[in-house]
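Structure at a glance
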Amino acid sequence: MRIHYIKRAALSLCAAMSLGLSATSQAGQSVTNAQNAQAEPLTPPYSETFADESFLESYTIIDSNQDGTKWELYLGSAQISYNSELDMDDWLITPALNLEGGKMYSFSIEIMTGGSFNETFEVMFGKDKTPEALVNPIIEKTSIAHTVYKAYTGTISPAESGTFYVGIHGCSQKDMLSLSVKNLKIGAAAGASTPSAPSNLVVNTRTNGELKADISLTAPTLDLNGQDLTELESVKLMRDGNLIKTFSTPEPGSELTFVDEVPECSRYTYSAIAVNASGESPAVETKAFVGTLEPSDPTGITLVETSTPGEVTIGWTPVTTDIRGNNLDPEFVTYRIYIEGSQSNLLFSNISGTSKTFKALDDTSVQTFVQYSVVAETKGGISNYVYSPLLPIGPAYSTPYHESFAEGKASHIFGIYPEDYALWSTYTTEDSEIESQDGDNGFLGSEGSYSEDTGTFDTGKIDLSGLTTPTLTFYIYNIIGEGEANNNELSVSVVHNGNSTLLKTFKMYELSDKDGWVKVEVSLNDYKDQIIQLRLFSHHALLPYILIDNIRIDNLNGSGIETTVDSSTKIYGSTGKIIVTGANGQTLSIFTPDGRLISTQKVTETDCHLTTIPGIYIVKVGQFATKVVVK
């Protein structure tokens with residue numbers, strides 16, 4: 001069953017009000033003609049665009065199958081629509097034309113179909129504006145299917161002088177869609193020995209930045225009567241109706257070429273006619289875009305820090321094609337850099353070459369992420385915005401490194417990629433009804449909406465200097481799926497010197513057969529004493545969440561602030577203070593959750609009360625440590 005487009009009731013009504021009188025012919029056909037009196041015949045050249053309803057005042061419209069569907073004005077054209085039960089049988093007939101016998105008149109019309117269905121039309125002429133009189137073919141019955149306008153041509157050759165009419169006959173089979181016509185043209189009278197139209201008119205735009213077109217065409221070899229031409233006076237080439245080149249006395253059948261320089265990148269209409277002593281030929285016509293199209297998108301974008309604090313270099317691969325894949329000379333391509341993908345955040349423009357070095361950060365005391373987008377540009381326009389990688393610049397974090405996302409907030413910078421379909425973000429117990437692994441009411445998670453969603457999470461720069469056995473540990477929350485193994489995956493990679501290397505992939509169903517937090521470990525020995533980033537990549541194959549907590553980089557089994565404590569020592573938080581009991585004579589140190597030392601002292605009493613501001617702390621006593629929350 002075919003689903004048809006909804007008929008245009010409002011437009012049909014508008015057209016009907018413009019049609020004027022309606023009558024029925026002797027043959028029982030429905031005829032519409034606004035002419036109350038016969039107008040004087042028109043002498044070609046003649047043209048009609050059908051751009052507005054004015055043509056309805058002079059054209060005759062015949063609904064031969066009497067289905068109520070007629071030629072009408074629609075979006076700057078004349079259109080006839082389908083009937084699901086009856087074959088199309090509808091005529092659109094010109095005003096009276098005064099034609100000379102023995103002369104030839106060129107005819108052309110542009111036609112488009114409403115869809116991929118085969119539509120059928122023919123163009124006829126005769127001495128009366130009735131289907132019975134329109135028996136002389138201009139364009140034989142033709143079936144077409146194209147949703148862009150194409151020109152169809154023919155000749156009118158009356159045997160005797162008089163008044164004639166041209167009829168466009170829509171005759172598609174039932175249950176098709178529509179025919180639309182515009183730009184009907186009838187040329188001036190020409191003798192039978194007038195040249196036929198030139199052929200093979202081809203316009204090739206240059207894609208190297210020049211506003212030029214290479215044009216070629218073939219001079220005709222026959223006259224309108226099909227006889228061999230002996231000579232030509234000229235072939236004239238026009239752009240948008242303006243003469244741009246005259247080829248004088250060309251040989252019939254010769255190949256003619258011309259380089260046209262246009263004022264701007266635009267779409268132009270080129271046409272050509274041949275001339276001899278008998279007159280001008282019909283025109284051959286083509287449309288072409290001349291100038292440079294928009295460039296394709298930049299690729300290979302890199303972003304690195306230089307040795308100068310706060311300075312970066314962004315680079316890219318030269319763009320060598322336009323948006324249609326045509327070759328493009330890189331010499332004619334320039335580039336823009338934006339701090340974000342928006343016209344209002346332009347940093348640099350008109351950049352030649354394939355890189356730009358600039359100061360990205362004034363305050364180099366704190367690490368931060370930067371990201372830019374690159375746009376290629378030609379005279380034809382700009383490409384899409386293409387993002388650089390996220391780049392952390394500024395001082396790297398020292399080790400031991402610890403991130404626990406306490407209270408749903410990160411204590412270090414991290415980056416996520418907006419083009420990913422899964423989103424990394426922080427959570428609290430209130431958000432998720434899941435307790436954090438270390439009791440600080442915060443953890444990190446990747447949320448996917450659909451199967452196969454992925455997301456990328458990057459840490460800032462971390463300096464592994466001083467660690468003899470650098471090791472990454474963190475906890476993954478294992479979720480047991482209902483009836484199916486949880487085959488979500490989390491991959492861990494290291495970014496070093498701009499290159500990402502996969503270290504390990506964890507499959508959820510391999511971690512444990514129970515719900516809950518599971519500790520995992522990844523060796524970083526290959527990057528000892530280097531500055532790295534961690535990259536976590538989530539792949540949601542089944543469940544929407546992948547949760548992690550308590551990320552730590554330290555020596556293997558050597559973290560000084562693992563959250564364990566001797567049973568003889570008690571450490572806990574209270575309102576405005578940290579309370580330590582059973583640690584007399586030991587060294588007590590207080591750290592931030594990311595491992596930065598705040599203070600250290602010798603415990604000199606059995607019950608030690610340390611006043612401090614509210615927050616989360618790691619308290620270490622001797623070789624043992626634990627996390628406390630001060631309210």
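Residues numbered from 1 in each chain as written. Predicted model: local features only at pLDDT ≥ 70, side-chain atom pairs only at ≥ 80, totals over all residues. Heavy atoms only, no water.

Re the sheet that holds strand S24 (residues 311-317)
- Taking strand neighbours across the sheet as the criterion, the three strands line up as S23-S24-S27 in an open arrangement whose pairing is antiparallel. Lying at the two open borders of the sheet, with one neighbouring strand each, are strand S23 (299-305) and strand S27 (355-359). Mean inter-strand twist for the sheet, computed between neighbouring axes without regard to direction, equals 15°. (Pairing = 2+ DSSP bridges. Helix = DSSP H or I, 4+ residues; strand = E, 2+ residues; numbered from the N terminus. Axes fitted to C-alpha atoms, helices over the stretch in contact; angles between N-to-C directions.)

Some thoughts on the nonpolar core
- With 33 residues, the main nonpolar core has Trp71, Leu92, Phe107, Ile156, Val166, Leu184 and Ile186 as its most contacted residues.
- For this core, the elements supplying multiple residues, two or more each, are strand S6 (78-81), strand S8 (97-99), strand S9 (105-113), strand S10 (119-126), strand S11 (136-144), strand S12 (150-156), strand S13 (162-170) and strand S14 (178-186).
- If we skip the residues at most four places from it in the chain, Ile186 touches Pro44, Pro45, Tyr46, Leu97, Tyr105, Ser106, Phe107, Ile156 and Val166.
- With 28 residues, the next largest nonpolar core counts Tyr401, Leu444, Leu464 and Val494 among its residues. (Core = buried A, V, L, I, M, F, W, Y, C linked by side-chain atoms within 4.5 Å. Buried < 20%, exposed > 50% of the residue type's maximum accessible area, 1.4 Å probe, protein only. Contact = heavy atoms within 4.5 Å.)

Details of unusual backbone geometry
- With an omega dihedral of 15°, the bond running from Pro44 to Pro45 counts as a cis peptide bond.
- With respect to the element layout, Pro45 can be found in the loop between strand S2 (30-33) and strand S3 (46-48).
- Omega for the peptide link from Thr399 to Pro400 comes to 5°, which places this bond in the cis form.
- Of note, Pro400 is situated in the loop between strand S32 (391-393) and strand S33 (401-403).

Examining the packing of aromatic side chains
- This model, assessed by the stated rule, comprises 17 aromatic pairs.
- Ring geometry for Trp424 against Phe457: centres 5.6 Å apart, planes inclined by 50°, an arrangement best described as tilted. Here Phe457 lies in strand S37 (residues 453-459) and Trp424 lies in strand S35 (residues 423-427), a separation of 33 residues in the sequence.
- Three or more aromatic residues joined by ring pairs form one cluster here, namely Tyr427, Phe443, Tyr477, Trp517 and Tyr545.
- One cation-aromatic arrangement involves Lys182 over Tyr149; the distance from NZ or CZ to the ring centre is 4.2 Å. (Phe/Tyr/Trp six-rings, centres within 6.5 Å; stacked < 30°, edge-to-face > 60°. Lys NZ or Arg CZ within 6 Å of the ring centre and 35° of its normal.)

Side note on the confidence of the model for the chain
- On average, residues of the chain carry a pLDDT of 87, and 91% of them reach 70 or more.
- Low confidence marks residues 1-28, where pLDDT is under 50. Its contacts with residues over four positions away, or in another chain, come to 41 contacts.
- Below a pLDDT of 50 lies the segment residues 559-567, which in the model reaches 26 contacts outside its immediate sequence neighbourhood of four places, other chains included. (pLDDT = per-residue confidence, 0-100.)

Digging into the pattern of salt bridges
- Counted under the stated rule, the structure contains 12 salt bridges.
- With a shortest N-O distance of 2.9 Å, Lys127 and Glu160 are connected by a salt bridge. A residue pair is termed long-range when its members are at least 10 positions apart, and Lys127 in the loop between S10 and S11 and Glu160 in the loop between S12 and S13 qualify at 33 residues.
- The partner of Glu489 in a salt bridge is Lys507, with the nearest N and O atoms 2.4 Å apart. Of this pair, Glu489 sits in strand S40 (residues 489-496) while Lys507 sits in strand S41 (residues 499-507); the two residues are 18 residues apart in sequence, bridging distant segments of the chain.
- Overlapping salt bridges, with partners in common, bring together Glu110, Lys185, Glu285 and Lys287 in one network. (Salt bridge = Lys/Arg side-chain N within 4 Å of Asp/Glu carboxyl O.)

Examining the sheet that holds strand S51 (residues 624-630)
- Taken together, four strands build an open sheet; the order of strands is S48-S47-S50-S51 and the sheet is antiparallel. The open sheet has two edge strands, strand S48 (597-602) and S51, and neither has a second partner. With direction set aside, neighbouring strand axes in the sheet form an average angle of 20°.
- Sheet topology note: the strand S47 (residues 587-591)/S48 ladder contains five bridges and is antiparallel. Its bridge partner being in S48, Thr587 is matched across the sheet by Lys602.

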